[in-house]
Amino acid sequence: MASYLETAVDIAREAGSLLSHYYERRVAFELKGDFDLVTEADRASEKLVVERLRSHFPSHSIVAEEGGNHEGTSEFRWYVDPLDGTTNFAHGFPMFNVTLAVEQAGELIAGVIFDPLRQEMFAAERGGGAYLNNRRIHVSRAPRLEDSLFATGFPSARRHKSINVHFFHQVAMITHGVRRGGSAALDLAYVASGRLDAFWEFGLNPWDQAAGILLVHEAGGRCSGMKGEPVSVRGPHLLASNGTIHAQTLELFDDVFNGRYRVPLPQIPQP
Ligand code: IPD
Ligand code: CA
Ligand code: CA
């Protein structure tokens, strides 16, 4: 298995350096959907990652965000997000990464998330622990929601349908706060490394979360659906936490799903 992780680390480093060069030049963006941005950096990074994977592992399948899919003949499948955080990238907001993960017969076995600006390589393999730049990482020990820092994200597709603002308000009122960094894979890497205590998002894609789910598990945390269902890389909804606050978060979410707001939404005073 080590060769999968090592290869993924090498590819992520190479793609990350490509992304840094594009980032310095500030590339233009196009729209894939109403608010879904894409740049030439997304495509160039994906081309590089897919070419490398196909030359190392010709029989493996690939699911890649910008369409570089490949149906292989083996039980291995890679998930590739060549640039996670494209909106940040396009605006010069320094939070993005390249992430890839591989599953064998439906089980995640290795994954990496690389932040080229901070030169932070988050890596995990099943049963082998989670690492940041080769040092072991662990989730936080925050015992209660009241001691916790959360992060979330909002989808760019069909965003007017998102119910997340209800959850955002309740979590923000009870915890130390909610960050919205704009890069789901880094949010998950930060849960794995204890910089965040939990992260949730409705409507993630497999490539956003594959490596992050493995990292959080290997760092001692817990991942589930929003109602405690077993997690799937195909999600699409994910709650990831340090484990200790998982049940408390699910209880809070249950209240929100059922309209029991612990802190009511403030009214806007009328003139
Ligand atoms: C997006 C980012 C964002 C999350 C969106 C993702 P992209 O990925 O991870 O934080 O809220 O759901 O789609 O489009 O930049 O690869
Ligand atoms: Ca993404
Ligand atoms: Ca992307």
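Reading the values: rules and limits
- Residues numbered from 1 in each chain as written.
- Chains lettered and ligands numbered in written order.
- Predicted model: local features only at pLDDT ≥ 70, side-chain atom pairs only at ≥ 80, totals over all residues.
- Heavy atoms only, no water.
- Donors = N, O, S within 2.8 Å, 3.2 Å for Na, K, Ca; no water.
- Helix = DSSP H or I, 4+ residues; strand = E, 2+ residues; numbered from the N terminus.
- Buried < 20%, exposed > 50% of the residue type's maximum accessible area, 1.4 Å probe, protein only.
- Near = heavy atom within 4 Å.
- Polar contact = N/O pair within 3.5 Å; in protein donor to acceptor, adjacent residues only side chain to side chain.
- Areas by Shrake-Rupley, 256 points an atom, 1.4 Å probe, with all protein chains shown as cover.
- 1 Å grid on protein atoms, 1.4 Å probe; cavity = no way out; pocket = protein on both sides within 12 Å on 5 of 7 lines; lining within 4 Å.
- Sits in = over half its atoms within 2 Å of the grid points.
- Nonpolar A, V, L, I, M, F, W, Y, C, P; charged D, E, K, R; others polar.
- Axes fitted to C-alpha atoms, helices over the stretch in contact; angles between N-to-C directions.
- Parallel < 35°, antiparallel > 145°, perpendicular 65-115°, else oblique.
- Left-handed = near helix turned anticlockwise from the far one by under 90°.
- Contact = heavy atoms within 4.5 Å.
- Core = buried A, V, L, I, M, F, W, Y, C linked by side-chain atoms within 4.5 Å.

Caption draft 1: Geometry of the coordination of the calcium ion (ligand 3). Around the calcium ion (ligand 3), the protein contributes the donor atoms Glu65 (OE), Asp81 (OD) and Leu83 (O), which lie 2.1 to 2.3 Å from the metal centre. Between the calcium ion (ligand 3) and the calcium ion (ligand 2), both coordinated by aspartate 81, there is a metal-metal distance of 3.8 Å. On the criterion of sequence distance, the pair formed by glutamate 65 in the loop between strand S3 (61-64) and strand S4 (76-84) and aspartate 81 in strand S4 is long-range, its members being 16 residues apart. Residue class for aspartate 81 comes out buried when judged on its relative accessible area of 1%.

Caption draft 2: Molecular detail of the coordination of the calcium ion (ligand 2). Distances from the calcium ion (ligand 2) to its protein donors, Asp81 (OD), Asp84 (OD) and Asp208 (OD), fall within 2.1 to 2.3 Å. The sequence pattern describing where the donors of the calcium ion (ligand 2) fall on their chain is D-x2-D-x123-D.

Caption draft 3: Focus on the site of ligand 1. For ligand 1, the set of nearby residues contains 14 residues, the closest of which are Asp84, Gly85, Thr86, Gly182 and Glu201. The separation between an oxygen atom of ligand 1 and a polar side-chain atom of glutamate 65 is 3.3 Å. Backbone polar atom of leucine 83 to an oxygen atom of ligand 1: 3.2 Å apart, as the coordinates give it. When ligand 1 sits alone it has 380 Å² of accessible area, and the protein chains cover 92% of it. Of all the cavities here, the one that holds ligand 1 is the largest pocket. Split into classes, the residues belonging to the shell around ligand 1 amount to three nonpolar, five polar and six charged.

Caption draft 4: Up close: the packing of helix H4 (residues 164-174) against helix H7 (residues 246-257). Look at H4 against H7: their axes get within 10 Å of each other, and the N-to-C directions meet at 135°. In terms of axis orientation, H4 runs oblique to H7. Judged by the sense of rotation from one axis to the other, the crossing of H4 with H7 is right-handed. Contacts between H4 and H7 pair His166, Phe167, Gln170, Val171 and Ile174 from the former with Leu252, Phe253, Val256 and Phe257 from the latter.

Caption draft 5: Summary view of the nonpolar core. Of all hydrophobic cores here, the largest spans 36 residues; its most connected members are Ile113, Phe122 and Leu215. For this core, the secondary structure elements donating two or more residues are strand S6 (107-115), strand S7 (120-125), strand S8 (130-132), helix H5 (184-192), helix H6 (206-218) and strand S14 (238-241). Top contributing element to this core by residue count: H5, with eight residues. Excluding residues that lie within four positions of it along the chain, isoleucine 113 makes contacts with Asn97, Val98, Thr99, Glu120, Met121, Phe122, Ala185, Leu186, Ala189, Ala211, Gly212 and Leu215. Counting residues in hydrophobic clusters, the runner-up holds 35 residues, among them Ala44, Phe89, Ile109 and Val112.

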